[in-house]
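In case you want the letters, here they are:
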Amino acid sequence: MELRQLEIFLAVADTGSFTAAAGSVHLVQSAVSVAIRALERDLGAALFERTSRRVALTEAGAALVAPARTTLAAAASARDVVEEVTGGTRGTVAVGIMHGLPGVDLAALLQRFHRQRPRVTIRPGTAPDGTAGLVRGVLEHRLDLALAAVDPSLCPPALEAHELFREPIRLACPPGHRLSGRGCVPLTELSGESFIDVPPGWGSRESGDRVLAAHGVVRDVVIEVGDVATVAELVRAGLGLALLAPSSAPGPARHRLVDLAPHPEFTVSLVTARDRAPSAAAAHLIRLVRHAAAEAGATSTST
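What counts and how
- Residues numbered from 1 in each chain as written.
- Predicted model: local features only at pLDDT ≥ 70, side-chain atom pairs only at ≥ 80, totals over all residues.
- Heavy atoms only, no water.
- Helix = DSSP H or I, 4+ residues; strand = E, 2+ residues; numbered from the N terminus.
- Buried < 20%, exposed > 50% of the residue type's maximum accessible area, 1.4 Å probe, protein only.
- Contact = heavy atoms within 4.5 Å.
- Areas by Shrake-Rupley, 256 points an atom, 1.4 Å probe, with all protein chains shown as cover.
- Lys, Arg positive; Asp, Glu negative; His and termini not counted.
- Charge placed at Lys NZ, Arg CZ, Asp CG, Glu CD.
- Axes fitted to C-alpha atoms, helices over the stretch in contact; angles between N-to-C directions.
- Parallel < 35°, antiparallel > 145°, perpendicular 65-115°, else oblique.
- Left-handed = near helix turned anticlockwise from the far one by under 90°.
- Nonpolar A, V, L, I, M, F, W, Y, C, P; charged D, E, K, R; others polar.
- Pairing = 2+ DSSP bridges.
- Right-handed = clockwise from strand over helix to strand, strands pointing away.

### Some words on the overall build of the chain
And then number 1: Of regular secondary structure, the chain possesses 10 helices and 13 strands.
And then number 2: C-alpha atoms of the chain, sized along the principal axes, occupy 70 × 50 × 30 Å.
And then number 3: For the chain, the residues scored as buried account for 43% of the 303 residues in total.
And then number 4: A separation threshold of at least 6 residues defines the contact pool for the chain, and within that pool the share at least 24 residues apart is 71%.
And then number 5: Surface exposure of the chain reaches about 14,900 Å², of which carbon and sulfur atoms provide 55%.
And then number 6: The positive charge centre, built from 30 side chains, and the negative charge centre, built from 31, are 4 Å apart in the chain.

Structure follows, in structure tokens:
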């Protein structure tokens, strides 16, 4: 079993296609097929079910995914240790990020990282299903770390979440709505109202749903949009209420938000996996993120 074979195996597993995998690992498709057949012979088991329409993992293939990721990560870590001693870190760090990231100046942070580790490639990426997708990426070792809307107290046991930023979620109302302009609205007054929200799996949606359910509040989400600015525009058009984190709301909408009692909270955390040590490059980025968040928190406290 060779590391390159495991890399090719994961490329096929992630893309569900020999053709797409070949492109991602910079090989011709026949070379990918040869590598997978050699790995299957070595392991004595079929790893993929191949049909004319799709490629799917067998039970053995599914069982190999996590150990393969762990093995490749360990090999990368070994290279990093030597590289750190002999000339500076290099490699790639995969970072999951939210569509909006309050509390951390990500551009400045990545610029600083690049100055300190110019030989490291940062590969940032979002997830269509928001925080749920980012968490899954860290759990499956496709991401080295993620900046996601995760409350550390509700974090899965296999992950570690370090809180970076927290704020109350507030209520956005259409102009002229009965709740518009109120100083504070009890959650119970939201029962039966029509809402616009981001899809399930996004951190702010999960937080709102959790708190509303805990207080027996039933709401009707009539529109789901994967963009907070569009949510705010649809509220302004009178299509429903919305629960918004002030930091992610557009400026005009932010000034019209109404307090809720009790209120859901929007929490941004640095998320890493507990079952593997980060590479030297990822560890350096993790330190930078935590330091930047601590500096931002100290500044906001002093002002």
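### Quick word on the packing of helix α1 (residues 3-15) against helix α2 (residues 18-25)
And then number 1: In contact at an axis separation of 8 Å, α1 and α2 are set at 130° when each is read in the N-to-C sense. In terms of orientation, α1 lies oblique with respect to α2. α2 is crossed by α1, and the crossing has right-handed handedness. When α1 is examined against α2, the residues Arg 4, Glu 7, Ile 8, Ala 11, Val 12 and Thr 15 are found in contact with a partner set consisting of Phe 18, Ala 20, Ala 21, Ser 24 and Val 25.
And then number 2: Each residue belonging to the contact of α1 with α2 can be placed in one class, and the counts come to seven nonpolar, two polar and two charged.

### Brief notes about unusual backbone geometry
And then number 1: For the peptide bond that leads from Ala 261 to Pro 262, omega is -15°, which places it in the cis range.
And then number 2: Relative to the helices and strands, Pro 262 is located in the loop between β12 (259-261) and β13 (265-273).
And then number 3: Positive phi values are uncommon outside glycine, yet His 141 reaches one of about 65°.
And then number 4: Along the chain, His 141 turns up in the loop between α6 (131-139) and β5 (145-148).
And then number 5: According to the relative accessible area criterion, His 141 is buried, its value standing at 11%.

### With respect to the pairing of strand β4 (residues 120-125)
And then number 1: Where strand β3 (residues 91-97) lies against β4, six bridges are found, and the strand directions are parallel. Within β4, the position partnered with Val 93 by the bridge is Ile 122.
And then number 2: Handedness of the crossover joining β3 and β4 through helix α5 (residues 106-116): right-handed.

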